[in-house]
Amino acid sequence: MTSEHGSDSKAPKQIANVMNETRVFPPSGEFSRNASIGSMQAYESIYNHSIADTEKFWESQAREHLHWFEPFTKTLDWQEPFAQWFLGGKTNVSYNCLDAHVQAGRGDRVAFHWEGEPGDTRTITYAELTKEVSRFASALSKLGIQKGDRVSIYMPMVPELPVAMLACARIGAIHSVIFGGFSAEAIADRNNDAQAKLVITADGGWRRGKLLALKQTVDEALAKSPSVEHCIVLRRAGNETKMHAGRDLWWHELTANQPDDFPAVALDSEDPLFILYTSGSTGKPKGIKHTTAGYNLYAKRTFEWVFDHKPDQDIFWCTADCGWITGHSYIVYGPLSAGATQVLYEGAPNWPAEDRFWELIEKYKVTILYTAPTAIRAFIKWGDHHVEKHDLSSLRLLGSVGEGINPEAWMWYYNKIGGGRCPIVDTWWQTETGGIMMSPLPGAIACKPGSCTKPLPGIIPRVLHADLTDVGTNEGGMLCIEKPWPGMLRGVWGDDERFNETYWKRVPHMYLTGDNARCDEDGYYWIMGRIDDVINVSGHRLSTIEIESALVSHPSVAEAAAVGRPDEIKGQGIAVFVTLKNHAPDESIRDELKKHVRKEIGALAVPDEIRFTTMLPKTRSGKIMRRLLRDIASGKQSVQDTSTLEDFSVLAKLRGDEEG
Ligand code: WT7
């Protein structure tokens, strides 16, 4: 929608850069020596080579890093905005993730160290995972699921979730994973949009010690999902579960007598692999479509580059849920293609206590931790003593994804979790991009707190003014991507017009990310938030992240969200919502925070209004929902879609807080 990236022709051209972060953290000599890309020269040589001819670069990557049942004959067919990669080739993502390792004699390597929230555990090797996926793929196939059919998956974080995804991939069925916290309504919307034939779920799952009766929610959704013929139910929690005769089938009964060598089907490079729904601002779910070979290649190579992955040494833990793109690309398809050993955890970070993550890192000797700023801010709030109880010396690399990381949160992560020795890869990407687009390569690129640093090989970012001219150094503007890349979305399910409108129409011949960014004098990129979130104060366009980072750098602030609200004189004023760490919400701290922002950024960015709240409204994936806060700050009753809100009571509480 153009409205999602609406421009204001009277606004000044550039977005002001008011953040002044000068700290630089190069990797240690030891880290660089052991890294596969271990110097800035090495990065630059790969990068420059890759962009000199992107098609040639991706062609050789694809020939070398995927298994082909039949080699491809054409690298790219680009009928803007529709890309097709590696045409004529036949491959299978499940084969690349599983069989390829078993064939190469790596079947005994552990794929997952799984830990359930109640403390039950399972260790699964690549050989075992391959067999389990085979049995389930065979069962799906006997149930009549065919190539191209859509399958919704609504499960807790148990090993059978990746098994179900990989089994779909094995037979060419298109999965749509729905995060296990969504409502019946949201499941039904997604089933209907995709015309799903099958739903895979579990009786229940565990979250903060509570049992979530997933099958019960699915039953409600299925009453409104006419396309769904069957529902497969995994026995996970053992809670009493009603089975609908003829429609519902138990996972264990279905797989009991299936062959464990069911072959992976040779699929076309562009056969769809999955649909993943994102919450658009219109409320209608938007099914982002990814396909087979290009996505697989991109997830695999970006995983290897960014995490400097060493198959025989690393224990990788991505704390995302498989229901998000981060779980698809960096739990399932990237790491498994690369033969990684991972930790998979079912539950919450604060169950049974607020040190659960640190306990797991110590227990499994995790070497690489990949988590989100929202979690990091929660850890800071919970206190350092939870961290200090545990030995985290196995860690060698840290990662962040999902939102900008405020420099002060970055410093805490670096010092308290990384012991000052682990580089932090701040990875910028989107559901739509399929994999990481910008990030430090940790052995090569020095980190700056708050910057996602540089583009990965083959990726060419451009930052443009609203009038489509290029910005200068340190000027903020719309972040676009110049050339197609293999991991890019191939469309919006059933809605080519929306695909075109949202990503391709506003800026000709480039992919529009919807984010603002600036590039500094060292060629480092700084993401400045969503285009729609820019605040226009007296003609100065300010990005939310910079105001928020200034607030978070105050010792009493745990989290902050900044939004614009109408102001007769200035055009827009700044309202901020603040969660405090260790201070009562009174006038003294309000004054102090205003002074602090004045000192950190300048008078221009001083909030007109500071509201205190115990919690900020977030999406289920942990992103602050600024558009809702915007309505609250401008006194508008929100009429927007709230189906992705983590906690409705948070909103009600904020609306009730008229004290301002
Ligand atoms: C949006 C994409 C990336 C996978 C998980 C979220 C924001 C993401 C960063 C980062 C600043 C970031 C952007 C982006 N975002 N990573 N490292 N720094 N902002 O996927 O739900 O599709 O969200 O998340 O605004 O456009 P998503």
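So, here's what we can say about the structure.

**What to know about the overall build of the protein**
Next up, step 1: In terms of helices and strands, the protein carries 20 helices and 30 strands.
Next up, step 2: Taking 660 residues into account, the globule formula puts the C-alpha radius of gyration at 26 Å, and the protein, at 24 Å, falls close to it.
Next up, step 3: On the principal axes, the C-alpha backbone points of the protein span a range of 70 × 55 × 50 Å.
Next up, step 4: Looking at the protein as a whole, 63% of its 660 residues are labelled buried.
Next up, step 5: Within the protein, residue pairs in contact and separated by at least 24 positions form 72% of the contacts whose partners lie at least 6 positions apart.
Next up, step 6: For the protein, the accessible area works out to roughly 23900 Å², and carbon and sulfur atoms hold 49% of it.
Next up, step 7: The positive charge centre, built from 72 side chains, and the negative charge centre, built from 86, are 0 Å apart in the protein.

**Topic: the pattern of salt bridges**
Next up, step 1: What the rule picks out here adds up to 46 salt bridges.
Next up, step 2: Its salt-bridge partner being Asp520, residue Lys448 comes within 2.8 Å of it at the nearest N-O pair. Taken together, the residues span a long stretch of sequence, with Lys448 in the loop between strand 20 (424-427) and strand 21 (461-464) and Asp520 in the loop between strand 24 (511-519) and strand 25 (525-530) at a distance of 72 residues.
Next up, step 3: Taking relative accessible area as the criterion, Lys448 reaches 6% and is therefore assigned buried.
Next up, step 4: You can call Asp520 buried: its relative accessible area is 5%.
Next up, step 5: Via salt bridges that share partners, Glu115, Arg356, Glu359 and Lys363 belong to a single interconnected network.

**Some thoughts on the sheet that holds strand 23 (residues 491-492)**
Within a sheet, adjacent strands bond to each other through the backbone by hydrogen bonds, running parallel or antiparallel.
Next up, step 1: Pairing within the open sheet is mixed, and its eight strands lie in the order 12-11-8-6-7-14-15-23. Only two strands of the sheet have a single partner each, and these edge strands are strand 12 (248-250) and strand 23.
Next up, step 2: As paired strands, strand 8 (residues 198-202) and strand 11 (residues 230-234) are joined by five bridges and run parallel to one another. Note on strand 11: the bridge partner recorded for Thr201 is Val233.

**Some words on the packing of helix 7 (residues 184-194) against helix 8 (residues 214-222)**
Next up, step 1: Contact pair helix 7 / helix 8: the axes reach a minimum separation of 8 Å and the direction vectors enclose 50°. On the basis of their axis angle, the class for helix 7 and helix 8 is oblique. Here helix 7 runs over helix 8; the crossing is right-handed. Packed against helix 7, whose contacting residues are Ala184, Ile187, Ala188 and Asn191, the element helix 8 presents Thr217, Val218, Glu220, Ala221 and Leu222 at the interface.
Next up, step 2: Per-class residue counts for the contact of helix 7 with helix 8 are six nonpolar, two polar and one charged.

**Some details on the site of the ligand**
Next up, step 1: Taken together, 16 residues lie near the ligand, and Asp426, Thr427, Gln430, Thr431 and Asp515 sit nearest.
Next up, step 2: At 3.4 Å from a nitrogen atom of the ligand is found a main-chain nitrogen or oxygen belonging to Gly404.
Next up, step 3: The backbone of Thr427 places a nitrogen or oxygen atom 2.8 Å from a nitrogen atom of the ligand.
Next up, step 4: Burial of the ligand by the protein chains amounts to 87% of its free accessible area of 550 Å².
Next up, step 5: Going through the elements one at a time, helix 11 (325-337), strand 20 and strand 25 are the ones with two or more residues in the shell around the ligand.

Rules used in this analysis
The residue numbers shown here count from 1 along each chain, following its written sequence. Local features are withheld for residues below a pLDDT of 70 in this predicted model, meaning they are given only at 70 or higher, and side-chain atom pairs are given and counted only at 80 or more; totals for whole chains, interfaces and linings count all residues. To get the side-chain values, all heavy atoms of the structure are used, and hydrogens and water are removed first. Secondary structure is summarised from DSSP: a helix means a run of H or I of at least four residues, a strand means a run of E of at least two, and numbering begins at the N terminus for each. In this treatment the radius of gyration is a C-alpha quantity, and the globule benchmark scales as 2.2 Å times the residue count to the 0.38 power. Think of it in three bands: with a 1.4 Å probe and only protein chains considered, a residue is buried below 20% of the maximum accessible area for its type, exposed above 50%, and partly exposed in between. Residues count as neighbours in contact if any of their non-hydrogen atoms are within 4.5 Å of one another. A 1.4 Å probe and the Shrake-Rupley method give the accessible areas. Residues count as covered only by the protein chains that appear here. Neither His nor the chain termini are counted; the positive set is Lys and Arg, and the negative set is Asp and Glu. Where a charge lies is defined by one atom per residue type, namely NZ (Lys), CZ (Arg), CG (Asp) and CD (Glu). Any carboxyl oxygen of Asp or Glu that lies within 4 Å of a side-chain nitrogen of Lys or Arg is treated as forming a salt bridge with it. Strands are treated as partners if at least two bridges between them are detected by DSSP. Axis definition: a line fitted to C-alpha atoms, limited for helices to the stretch in contact. Angles are taken between N-to-C directions and run from 0 to 180 degrees. Oblique is the label for any angle not under 35 degrees, not over 145, and not in the 65 to 115 range, which are roughly parallel, roughly antiparallel and roughly perpendicular in turn. Left-handed describes a crossing in which the near helix is turned anticlockwise from the far one by less than a right angle; the clockwise case is right-handed. Each residue receives one of three labels: charged for Asp, Glu, Lys and Arg, nonpolar for Ala, Val, Leu, Ile, Met, Phe, Trp, Tyr, Cys and Pro, and polar for the others, Gly being one of them. Consider each residue's heavy atoms; a residue with any of them within 4 Å of a molecule or strand counts as near. For the purposes of these results, a polar contact is taken to be a pair of N or O atoms within 3.5 Å, where, inside protein, one atom must be able to donate a hydrogen and its partner to accept one; residues adjacent in sequence count only when each atom of the pair is a side-chain atom.

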